[in-house]
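# Structure assessment
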Amino acid sequence: MTNGGVEQGHQAQQYCQDEVIQGHGGLLATLLFWQQAPHILRGMARYSIGIDLGTTNCALAAVEMVKRKNDLLPIPVVQLVAPGDVDAKPLLPSFLYLPSEHELPAGAAALPWDAERKYMVGEAARTWGAKVAGRLVSSAKSWLCHDGVDRQAAILPWGASSDVPKVSAVDASTRYLQHLAQSWNHQQQAEKSPARFEEQRITLTVPSSFDDVARQLTAEAARRAGFLNVTLLEEPQAAFYAWIAQADRDRRRKQPLKEGMTCLVLDVGGGTTDFSLIECVAEEGTLGFVRKAVGDHLLLGGDNMDLALAHLLEDKLKAGKLDAGRFGQLTQAARTAKEAILTMNGPNEYPVAIMGRGKSVVASSLSTSLTLAELEEQLMEGFFPEVSWESEPARSKTTGIHEMGLPFVSDAAITRHLANFLRQHHQTLAEPPAAILFNGGVFTPPVLRERMLQVMRNWFGADWQPIILTTPSLDLSVALGAAYFGRQREYGGRAIAGGLARSYYMAIGSRDDATQMLCVVPQHMEEGQTIELNEPVLELSLGQPVQFPLYTSTVRDEDQAGATLKIPPSQLQKLAPLQTLLRGGKRSGTKGVPVTLTSTLTPIGTLELSLVAQNSPHRWRLEFNTRDAVSVDPASEESTEPAPSVVEQSPEHAFPEDRIEAALAELRTVFSHQDEQPAKQLTKTWERLLDASRRSWPSSLCRRLADSLLEVAEQRRRSPSHLSRWYHLTGYCLRPGYGDSRDRFRIDQLWKMLCGPGRSGNEGGADFWILWRRVSGGLAPNLQITLLDRLRPVLLAGKSPVIRPNPNELAEMWRAVASLERLEPKVKGLLAEPLLKQYRRPPVQLATPWALARLGSRSMLYAPINNIVTAEVVSRWIEQLLPYQPRHDSDRQLWLWTLTNISRRIGLRGLDIDEVLRSRVLKTLEEFKAPHRYLDLVEHQRSLEKEEQQQMFGDDLPLGLKIINGD
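The structure contained in this document is the topic of the report that follows. All of these numbers come straight from a predicted model, not from anything done at the bench.

Another aspect to go through is the pattern of salt bridges. Counted by the stated rule, this structure contains 46 salt bridges. The closest approach of N and O atoms between Lys292 and Glu279, which form a salt bridge, is 3.9 Å. Of the two residues, Lys292 sits in strand 14 (residues 286-294) while Glu279 sits in strand 13 (residues 273-283), which places them 13 residues apart along the sequence. Looking at Lys292, the relative accessible area reads 23%, which means it is partly exposed. When the shortest N-O distance is used, the salt bridge between Asp955 and Arg773 registers 3.3 Å. With a gap of 182 residues between them, Asp955 in the segment after helix 29 (946-953) and Arg773 in helix 20 (residues 766-775) connect regions that are remote in the sequence. Each member of the pair, Asp955 together with Arg773, is buried. Connected through shared salt-bridge partners, Arg703, Asp707, Asp740, Arg742, Asp743 and Arg746 make up one network.

With that settled, the discussion passes to the nonpolar core. Nonpolar side chains in soluble globular proteins generally cluster together in the buried interior. Counting 204 residues, the largest nonpolar core has Trp697, Trp726 and Trp772 as the members making the most contacts within it. For this core, the element with the most residues is helix 5 (residues 169-188), which contributes 8 residues. The contacts of Trp772, once residues within four sequence positions are left out, are Leu750, Trp751, Leu754, Cys755, Leu779 and Leu787. Core analysis: the next-biggest nonpolar cluster, separate from the first, contains 33 residues, Ala59, Ala239, Tyr241 and Ala242 among them.

Between the first and last C-alpha of helix 26 (residues 889-903) there are 21 Å, a value that for 15 residues agrees with the 21 Å anticipated at 1.5 Å per step. With 11 of 15 residues buried, helix 26 is to be regarded as a mostly interior element. Taken together, the buried positions of helix 26 are occupied by Asp891, Arg892, Trp895, Leu896, Trp897, Thr898, Leu899, Thr900, Asn901, Ile902 and Ser903. Buried residues belonging to helix 26 abut helix 23 (825-840), helix 24 (847-855), helix 25 (871-881), helix 27 (915-927), helix 28 (932-939) and helix 29.

For the rest of this paragraph, the subject is the sheet that holds strand 18 (residues 467-469). Taken together, the 6 strands give an open sheet; going across it, the order is 18-17-12-13-14-19, and neighbouring strands pair in mixed fashion. Each having just a single partner strand, strand 18 and strand 19 (496-497) make up the two edges of the open sheet. As judged from the 3 bridges shared by strand 17 (residues 435-439) and strand 18, these two strands associate in the parallel manner. Each bridged residue has a counterpart across the sheet, and for Leu437 the counterpart in strand 18 is Leu469.

A word on the packing of helix 25 against helix 26. How two helices pack is summed up by the angle between their axes together with the distance between the axes. Contact geometry for helix 25 and helix 26: axes closest at 10 Å, N-to-C directions at 155 degrees. When the interaxial angle is binned, helix 25 and helix 26 end up roughly antiparallel. Here helix 25 runs over helix 26; the crossing is left-handed. Facing Val874, Trp877, Ile878 and Leu881 of helix 25, the residues of helix 26 in contact are Trp895, Thr898, Leu899, Ile902 and Ser903. By residue class, the composition of the contact of helix 25 with helix 26 is 7 nonpolar, 2 polar and no charged.

Glancing now at the pairing of strand 12 (residues 262-268). With 7 of 7 residues buried, strand 12 is to be regarded as a mostly interior element. Of the two faces of strand 12, the one carrying Thr262, Leu264, Leu266 and Val268 and the one carrying Cys263, Val265 and Asp267 are both buried. Hairpin connection, strand 12 to strand 13: the antiparallel pair is bridged by 4 residues. Bridge count between strand 12 and strand 17: 5 bridges; the pairing is parallel. Residue pairing for strand 17: Val265 is matched across the bridge by Leu437.

Ordered by their spatial adjacency, 3 strands build an open sheet running 8-7-9, and the pairing between neighbours is antiparallel. This sheet does not close on itself; its edge strands, each paired only once, are strand 8 (120-121) and strand 9 (136-137). Note: strand 7 (residues 96-97) against strand 9, 2 bridges, orientation antiparallel. Bridge pairing in strand 9 places Leu96 opposite Val137.

The rules behind each value
- For every chain, the first residue of its written sequence is number 1, and the numbers climb from 1 along that sequence.
- In view of the model being predicted, local features appear only for residues whose pLDDT reaches at least 70, and side-chain atom pairs are presented and counted only at 80 or more, with totals across whole chains, interfaces and linings using the full set of residues.
- Water and hydrogen atoms were dropped before computing side-chain values, which therefore reflect all heavy atoms in the structure.
- Any carboxyl oxygen of Asp or Glu that lies within 4 Å of a side-chain nitrogen of Lys or Arg is treated as forming a salt bridge with it.
- A helix here means a DSSP run of H or I that spans at least four residues, while a strand means a run of E at least two residues long, and both kinds are numbered starting from the N terminus.
- A simple rule labels every residue: compare its accessible area, found with a 1.4 Å probe on the protein chains alone, to the largest value its type can have, and call it buried under 20%, exposed over 50%, or partly exposed in between.
- What makes a nonpolar core is a set of buried Ala, Val, Leu, Ile, Met, Phe, Trp, Tyr and Cys residues whose side-chain atoms join them at distances within 4.5 Å.
- The contact rule is simple, with two residues in contact once any of their heavy atoms fall within 4.5 Å.
- Each helix should span, by expectation, one fewer than its residue count multiplied by 1.5 Å.
- For two strands to be treated as a pair, DSSP must find at least two bridges joining them.
- Axis definition: a line fit to C-alpha positions, over the contact stretch in the case of helices; interaxial angles, taken between N-to-C directions, run 0 to 180 degrees.
- Throughout this description, any angle smaller than 35 degrees is read as roughly parallel, any larger than 145 degrees as roughly antiparallel, any in the 65 to 115 degree range as roughly perpendicular, and the remainder as oblique.
- Handedness of each helix crossing follows the sense of rotation of the near helix against the far helix: counterclockwise by less than a right angle gives left-handed, clockwise gives right-handed.
- Basically, the charged four are Asp, Glu, Lys and Arg, the nonpolar ten are Ala, Val, Leu, Ile, Met, Phe, Trp, Tyr, Cys and Pro, and anything else, Gly included, counts as polar.

Distances and angles like these do not, on their own, reveal function.
Written out as C-alpha cells, the structure reads:
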C-alpha cells in the first residue's frame, strides 16, 4: 500500500470512530462510511486477506479493514471437484494436474472465469492425479526450499516421462495463488462494490524455517500472480495470531496466559516441521508477546508419513519396486487411507489400489489395504516415538526417505527434533513451557496431540500440565491469523514482537574447532530496520565480482552486529553465498574501493544486504548465488573457502613469496619471446621454482597463477607451443571453474577472450577443448548451450560433418560436451545416440565410454539434480550396452565403468533404474569379472570416493576444493 493509502486508511478508521462517538453502531458507521466517503478509499485496501500457501492445502481468510468488529472469516475456494464439476470448498488442495492432450473431454477443466483452461488445480487435480501416474504436481512448497535443484527450472512432476509438460516450483505456486485470487474475484462479482483481490492487503505465510532464497521465491510467485501489496509472515506466528484473534473476540473468558509464561508452538504441516517459543510480557498494562526462538529447517511432515506408508504398502503389494509414476499413485492412496482411518470413528482398515498400465489396465491393477494397527505403528514409532530428553536426531545422509527427489531429514522422529530444539534453547526456556499451541493438519487426530504431550511429560514430569491453546481450525488457523495480522499491522493492536528469528554471519577465517565469523545481522532485528556496519571496512576492486560465504544461526540470540566471533560449526547453517559485481564507471579502472556493509529487513520480511561505498554515493546490492556448488566445511582443517578482503590467511602463504614471484616472472619472460622450448617446459619449470608438484598446488595458488595467465593471454599466439601451454595451464589453474569468489569474473574474461564476438573461429584444437572441459562448471547454462552449438555440426552431423577434426581433437570435443552438466536431459539424450551407435557397430573410440558415463551419470558433479537424465532414458542406453562384447581388457574395463556409472543406485525414484534391469546389470558385471566396488555402487546407495570423483571429473581438483553436489 502507498503512503497515501495508509493515510486514507487512518482517515477511514477515524471516520468510523467519529460515527460511533456520535451515536451510531459499529456496523452502521461502516455502512455510512462506504456510502458517504468513497473518495477516502481510493488506493486503500478494503480487506486484509491471509493466505496459507500449504504443502498439502491452501487456505484463504479475510477481515474488513475498517470494521471495528472482528469479523474474521475463512473464504471458501471455488474449484473443480471433478472434471466438469465446480464447487466451493474450505480448502484448495495444493495439487496441479497436467493432462495429456486428449485425456479430458472438451471443457472438463473449465472454470467460471476460464472456459479454456487445460489443467486442473485443487480437489479434482488431487483425485484425478491419484489415478493417473506421472502427471500430478505435488509438494511444490517443499521444492521451493530444495537447494539441490534449480528452483525455477521446469522439473515437476518429478520423475515424469519426457512427454509430460513440466513446470517449476515457482510456477506451481504461482498457479495456486492465481487460483485463489480468481476464485475471490469471481465471488466478489455478486457484491455491489467488488473488491479486487490483488488490490487488498495480502499476508502470505511461509514456514519459519524457510531459508532466504525460498522466501524470496515465494514473494516472486506472489508477484507473478499479480499481487500488489504482500507481506510474508511465519506460519507459527500466524497460528498464534489466530489464537489472539479468538481471545480478543471472547473477552469474557479469563485470559489463560500470564506475564512470564512461555508458549511452545508445534507446527507440523504437510511438508515442514516448525518449532517456536513465544514469551508473554507486560506491555503498557496489557499482555504482549515476544517470539524468542525458532527451530532449524526440517523438511519433515505429512509428506514423509505418506511416503513411509507407501513403502509399507509397496511391500504388501509384492509387486517389486514400483516406478516413480505408480509409486506416486501409491503415495496419494496412502494419504487418502491415512486421513480416512484417522478421522473420528474412522474404519480399522481401508482399501488401497493403484491402476495398472497398458492395454490391460484393470487386470494389472494392484490392491491391498492399510490397517489401523499398521498406521499407528508407523506414526507412533517412526514419527512420534517415546525418546529421552538427551536424544539427538540422526545426521546420516542416507537414512532419510529421498525417494521423490526431495532432501527430507534423515531422522523422521519429530519428538527427537523437539527435544534437540528445547535443549538448544534451554536459556530461553528457564522452565518447561506453560502453554502449547498445536498447528498443522498432522495434528488433526487427537491421538497425535496426546502422544506429543505424553512424551513431554516424560521429560518434564507427570505434574507438568500445560495450558492447551486452541484455534478455530488446525487447517484454517494460519490463514485466519495471517488476515488478522494484516489488519493489526495496519491499524495497530497486539502484535508478536521479536523481529528476525535468526542471526547472519560472514566467514572470515577458521581456527581449530571453531569458525571465526562476522555478525552482519543480529537476531531479533525488526522489519523495516536498517543496520549500518562502520567496521570492518572492506577493500574491494571495481569491475570484479565478489562473493561472501554466508551462515545463519537460530541459537545465538545475544550476538551483536559487527562482532567478530568464534562459533562452533554445530551452531551454524551454511546458506548460498552472497555475490555482486562492483561497477564504478568507465574510467574507474580496477582500483580498490573502501566499502562497508548495510543490512535491511524489508517490510515484506526478506533480508537485503548491500555494500556502501565510503567515498561515493554508490551502493551494490548483494544477491544469493545458488549456482556454484563447491563447498569447504568451515570446521575442516583443509578449509580454503575464500572470504572477502578481510581474510587473514590463505594457503598460498605456505609458498614463500619469492618462489611465487619467480614463477610469475618466468611466465612473463616465456610469453614475451618466440622461443618455443621454454613454453613447452613451463609446467616443469613452475614445479621446480615452486618446489612442489602441480598436484599439490592449492586452489588459492592456482587462481593467482591463473590471473597472471589471463594477463599474458594476448601473447599466447607467439607459437603453437605457447598456445598449447597457455590452454593447458589456464584450464588447469582455473579448474573446475568455480570455488573462488572471483571465478565468475575470471570465466567471463576467458569467455570473452576465446568465444566472444568474432573469436569463435580463431580458437580450437584439442587443448582448447581440454580447457573448457576443465572449467565447464563455471559456465552458466546459456554459455554451455553456446559451446554445444559450436560442437553440434561436428558431433551430431551424422556421416558428413562440415568440419572433420583429427581423432585427438574429436575425442576432446566429446569429453568437453559431456562435461556440460547444465545441458537439459533431452539434449544429453541426443548426444548419447552417436556414442551408443559405436557400441552397436564397433570399434568404440577411446573417449566414448567416458563421455557416455558422464552424460548419463546418476549424480551431478556441479549441476542440480534436475539435469540428470531420467531413468526412462538411461534404461534404453543400458539395453543397448548390455549385449556388447568387449574385444580386449582395456575395452572391457571402460565398458564396465560406463555401465556402473549410468546404473548406480542413488536412492531417487525416477532417476534409479528398475530392479529387473539392475539385476541384469549386476549379472553382466559379475560375468565379466568387474571389481567388487562396481557391483557395490550398482546394488547399494554409495557415495563416490575421491578417486572415483576425479575419474568422472577427468582431473583431480585443486587442494582445498571438493565436490559436494553429486552425493
